[in-house]
Structures are given as C-alpha cells and as structure tokens.
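Chain residues, written in single-letter form:
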Amino acid sequence: MSTLLPLEDYMATLPKATLFGAFYFTDMNGRPVQLHAVYGTEHPWQLPGGTTESGERPWETAVRETEEETGLVVPGPPRLLAAVFGLPGAAWPLATAGFVFDGGRLTDEQIADLRLAPEEHDEVRTLPLEEWQALMPERDYARLAALADARRTGRAAYIGAWDWDTAPNDDTTTGVEEVPR
C-alpha cells in the first residue's frame, strides 16, 4: 500500500529557500574589493551580487547583479569559489543558498570606473585581507578569508552555517569548511 503524497502536498512540506550569486574580486595585488551597503549595518561590506530572480541561475544572477551594482560586466566562464548555506530565522523566514564565483583581478582603472547603484552601495574599498577584519562581523570576515583561500588553493569552500539567527558578531561558528576534490 502506497503512502505517497500527491506532488502538491509533498511540495508544501519542503523547506523554502532563496538563492544568490556573487563575485569575489581583488585588485592586481590580491586585495579584496568590497562594496559598502547603505541599507543596513548587519553586513556593512558586501560582495557584488544578489538574489536570483525567477528562471535565473546563480551564475546569471552574479553577472546581472554585478552589472547593476557596479557597471562591470564579467564574461566568465564560471569558477566556483564557495557554496554558502544559511537556515531561516526570524529576520528572514527562508533558507539561503548561494554561490560565490571568482570575478578575477581588477586593475586600478577598472576599480575607479565602477559605478555604484546609490540605493544599494555608497563606497568601493580595496584593502589587504587582514585589514578587513576590523570592519566586518567575524562570520563575514571568515567568509572573505575562505574565498581568498579558495582562490589561492583552487579548492572551493563550503560555508554551511550562514544562519539568519546567528548574531553577526558570533565568532563561535563560522561554518567554513574546505570542500575536498
């Protein structure tokens, strides 16, 4: 005797999630490039990218959002640096899964030519990795450091505890793991 639910009923039992795509850029000296958010203080410095739209894949999202936020067009091909996952929480009721791709190294001229979307970001900053630590919540910095390491080693990172109800300055769990190849 089968106890299978009809597809519609089964789908209603599944967790809901949003997807995102983003890029990790550095300058020619390997210093991370980030954007300062104007709409919140929880995650003040961000990678270019955003939430996927209907019918869009995370790589397409990263390309579209980066162009919208900075004017920069990234041609590809995709090179994954990290997969990021967060459980839902009070501030956001959906799980979050995202993919951070290697955007490459930008010249000083490319960085100077970035055109920010003022409703989202008000500053571009390029700093040595260790100088970002004082400007970011611990888990944001841990993700940034994991991205730098993933580019250096060629091994993608899995950031599996980017949960919404984890305090931004909670340094007890970064959720950063190396994905073996």
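To start, this report covers the structure provided alongside it. Nothing here was measured: the structure is a model prediction, and the numbers come from that model.

Taking 1.5 Å of rise per residue, the 16 residues of helix H5 (residues 138-153) would be expected to cover 22 Å, and the 22 Å separating its terminal C-alpha atoms lies within 8% of that figure. Among the residues of H5, Arg 139, Asp 140, Tyr 141, Ala 142, Arg 143, Leu 144, Ala 146, Leu 147, Ala 150 and Arg 151 are the ones counted as buried. Gly 154, located one to two residues past H5, shows a positive phi value of around 80°.

Applying the stated criterion across every chain, the model contains 5 aromatic pairs. An angle of 45° between the planes, with centres 5.6 Å apart, marks the rings of Phe 23 and Phe 25 as tilted. Taken individually, Phe 23 and Phe 25 each receive the classification buried, so the pair is uniform in this respect. Residue Phe 23 is classed as buried on the basis of its relative accessible area, which comes to 0%. Taken together, the aromatic side chains of Phe 23, Phe 25, Trp 59 and Phe 101 make up a single cluster linked through ring pairs.

Approximately 790 Å³ is the volume found for the largest pocket. Taken together, 27 residues line the largest pocket, and the ones lying closest to its centre are Tyr 39, His 43, Gln 46, Thr 51 and Trp 164. Elements with a minimum of two residues in the lining of the largest pocket: strand S1 (17-27), strand S3 (45-46), strand S4 (49-51), helix H2 (58-70) and H5. Of the residues belonging to the lining of the largest pocket, the class tally is 10 nonpolar, 10 polar and 7 charged.

With that settled, consider the side chain of Glu 56. Among the structural elements, Glu 56 can be located in the loop between S4 and H2. What makes Glu 56 buried here is its relative accessible area of 17%. Polar side-chain contacts of Glu 56 include one of 2.9 Å to the backbone nitrogen of Glu 53. In this structure the side chain of Glu 56 is engaged in a polar contact, spanning 2.8 Å, whose partner is the side chain of Thr 61. Those residues in contact with Glu 56 that lie beyond four places of it in its chain are Thr 51, Thr 61 and Arg 64.

Grouped together as the largest cluster of nonpolar side chains are 20 residues, with contacts concentrated most on Tyr 24, Leu 47, Val 100, Trp 132 and Leu 147. Elements with a contribution of two residues or more to this core: S1, strand S5 (80-86), H5 and strand S8 (157-159). No other element matches H5, which puts 5 residues into this core. In this view, Val 100 contacts Phe 20, Ala 22, Phe 23, Tyr 24, Leu 47, Arg 79, Leu 80, Leu 81, Ala 82, Val 84 and Leu 147; residues no more than four positions away in its chain are not counted.

Moving on, we come to a nonpolar patch on the surface. Taken together, the side chains of Leu 5, Leu 7, Tyr 10, Met 11 and Leu 14 define a hydrophobic patch exposed on the protein surface, amounting to about 500 Å² of accessible area. Within the secondary structure, Leu 14 is located in the loop between helix H1 (7-13) and S1.

Calculation rules
- Residues numbered from 1 in each chain as written.
- Predicted model: local features only at pLDDT ≥ 70, side-chain atom pairs only at ≥ 80, totals over all residues.
- Heavy atoms only, no water.
- Helix = DSSP H or I, 4+ residues; strand = E, 2+ residues; numbered from the N terminus.
- Expected span 1.5 Å × (residues − 1).
- Buried < 20%, exposed > 50% of the residue type's maximum accessible area, 1.4 Å probe, protein only.
- Phe/Tyr/Trp six-rings, centres within 6.5 Å; stacked < 30°, edge-to-face > 60°.
- 1 Å grid on protein atoms, 1.4 Å probe; cavity = no way out; pocket = protein on both sides within 12 Å on 5 of 7 lines; lining within 4 Å.
- Points joined across faces, edges and corners; volume = space filled by probe spheres on them.
- Nonpolar A, V, L, I, M, F, W, Y, C, P; charged D, E, K, R; others polar.
- Polar contact = N/O pair within 3.5 Å; in protein donor to acceptor, adjacent residues only side chain to side chain.
- Contact = heavy atoms within 4.5 Å.
- Core = buried A, V, L, I, M, F, W, Y, C linked by side-chain atoms within 4.5 Å.
- Patch = residues over 30% accessible without salt bridge, like charges linked within 9 Å, V, L, I, M, F, W, Y side chains within 5 Å.
- Areas by Shrake-Rupley, 256 points an atom, 1.4 Å probe, with all protein chains shown as cover.
- Salt bridge = Lys/Arg side-chain N within 4 Å of Asp/Glu carboxyl O.

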